[in-house]
Amino acid sequence: MTMKKNHHFLLLSFPVFGHINPSLQLAHRLISLGAHVTFATTVAAARRLDKTLPIFTTQGFSFATFSDGFDDDTLKLSADFTHYFSELTRCGSHSLINLITSSGDRGRPITFLIYSLLLNWAADVASTFDIPSALLFVQPATLLALYYYYFVDGYEDTISTKLLQQDPFFSLQLPGLPLLVGREIPSFLSPSDRSAFLLPLMRQQFQFLARPSRARVLVNTFQALEGEALGAIDDKLKMVPIGPLIPSDELCRSPVTSEEDYIQWLNSKSESSVIYISFGSICVLSDQQEEEIVGALLESGHTFLWVIRSKENEDQEDEEEKRIKKFGGKGKIVRWCDQVRVLSHPSLGCFVTHCGWNSTLESLVCGVPMVGFPQQVDQATNAKLVEDVWRTGVRVKPNAEGIVERGEIGRCLDIVTGDTDVKKREEIERNVKKWKKLAREAIGEGGSSYLNLESFVREIDEDSC
């Protein structure tokens, strides 16, 4: 494809890896289509990126930062949500104005803005420079449609009331979406949930999207995976599936480095024998929940690789030594790993995951069955899709206190490893192979997502003529 216009895309990413990783993959793909891309995230988040990665020295790629008001510290989300987002909007808007102005002064004006969820203020800033924009949505199309129904189409009162009542028989059937019961709906939609601080921010985001006529949203999914959801609100929003946005080659491997020897350790294990456990870059399990997982692993006898983030004020080496002693040498604990490399390893047999969207897509592309272990926000909905729609795994059921007990964890591990239900295991294996093939086809040259991104850029060309 030859661009009619020498495009300069600005990709503005929210400062968490769930947004940064797919944004970097999108940058790579836009560059491959002939565009120049400036990728920007906050000053604090930028310090956690490895600038030696090939993408940072690729011709056509530039890197920039913007301020969220906390340049000398890490993300303040856990301290004061309202204050953080207020400062992010105020300082970020000022930084973005300077970034757009300076880029123009250097003779390389920004021609299009692509921004992360919760950064809609950036689109307002861009519009003052007559720069068009689009949202990059890093969750599934199912959730984009659900949020639109909730915040724009009048379902808010019904859903929030039922969630507050904790009605055990509450179910929700919306056009183009699978049937959802209460526990499968994003937790923050309940005003009493600990993540309900997101409600006003998401409401603002979706009311913003509803303003223009049929706004375009780039979605990190692919047509075969979510065909119905992608068309659910087609008369209101134009969803453009361009995923899965995951590392596809050495140029765009995961943007953090590690000196761990976990790959050599995996090399010593037999095929499909290792259970990989990770709950993402934000979640920290309670001591009680961690103990239940430990108990399940010990009882199952499986070999495992577990990514455990350190708790505050925790002596990392001391705690890791204690944990390793508990496991009796059957497992390996790391603080970080290159997840795509791990999931691609032939020794992997199962992924115990919080079902964050990046992790879910990575597992689909790598062909690894999942045990869904959702923790918060969108993860319960993703786990529903994994078990009931795509049938590439199972999900755990917590007890009345919200803890998943070791017996339940063991039950799910037995299913995906085929120890108790061979028929179910064979069904999961068939579906894992199916979605792996379809996901790779979508992002390959001539695939649906590849062509969708080409078409998106072509439409920008036509709009600017």
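You'll find the structure just up there.
Read on for a plain summary of the structure. (Residues numbered from 1 in each chain as written. Predicted model: local features only at pLDDT ≥ 70, side-chain atom pairs only at ≥ 80, totals over all residues. Heavy atoms only, no water.)

Re the sheet that holds strand E3 (residues 61–66)
Strand order in the open sheet made by the seven strands is E3-E2-E1-E4-E5-E8-E9, with parallel pairing throughout. Looking at strand neighbours, the two that pair on one side only are E3 and strand E9 (237–241), the edges of this open sheet. Adjacent strand axes in the sheet meet at a mean angle of 25° when their direction is disregarded. Relative to strand E8 (residues 215–219), strand E5 (residues 133–137) runs parallel, the two sharing three bridges. Across the sheet, the residue bridging to Leu136 is Leu218, located in E8. Contacts between helix H5 (residues 141–151) and the sheet are confined to E5, E8 and E9, with E9 contributing the most and set at about 170° to the helix. Across the face of the sheet, helix H7 (residues 198–209) comes into contact with strand E4 (112–116), E5, E8 and E9 while running at roughly 150° to E4. (Pairing = 2+ DSSP bridges. Helix = DSSP H or I, 4+ residues; strand = E, 2+ residues; numbered from the N terminus. Axes fitted to C-alpha atoms, helices over the stretch in contact; angles between N-to-C directions. Contact = heavy atoms within 4.5 Å.)

Points about the pairing of strand E1 (residues 8–12)
Where burial is concerned, most of E1 is hidden: five out of the five residues are buried. Taking every second residue as pointing to the same face, both faces of E1 are buried, with His8, Leu10 and Leu12 on one and Phe9 and Leu11 on the other. Alignment of E1 against strand E2 (residues 36–42), held across five bridges, turns out to be parallel. Bridge pairing in E2 links Leu11 to Phe39. A crossover links E1 with its parallel partner E2, the connecting element being helix H1 (residues 17–32), and its sense is right-handed. Sheet analysis places E1 next to E4, joined by four bridges and oriented parallel. From the neighbouring strand, Phe9 faces E4, where its bridge partner is Phe112. (Buried < 20%, exposed > 50% of the residue type's maximum accessible area, 1.4 Å probe, protein only. Right-handed = clockwise from strand over helix to strand, strands pointing away.)

Topic: empty space enclosed by the protein
Evaluated as defined, the whole model comprises two cavities of 30 Å³ or more. The space that makes up the largest cavity amounts to roughly 110 Å³. Among the residues forming the lining of the largest cavity, the class breakdown is seven nonpolar, one polar and three charged. (1 Å grid on protein atoms, 1.4 Å probe; cavity = no way out; pocket = protein on both sides within 12 Å on 5 of 7 lines; lining within 4 Å. Points joined across faces, edges and corners; volume = space filled by probe spheres on them. Nonpolar A, V, L, I, M, F, W, Y, C, P; charged D, E, K, R; others polar.)

Regarding the nonpolar core
Leu12, Tyr115 and Phe137 are the most contacted members of the largest nonpolar core, which totals 66 residues. The leading source of residues in this core is H5, at 10 residues. For Phe137, the residues in contact, after removing those within four places along its chain, are Leu117, Leu143, Leu144, Tyr147, Phe206, Val217, Leu218, Val219 and Asn220. In terms of nonpolar packing, the next biggest core, distinct from the first, is built from 32 residues, Leu11, Ala35, Leu49 and Leu218 among them. (Core = buried A, V, L, I, M, F, W, Y, C linked by side-chain atoms within 4.5 Å.)

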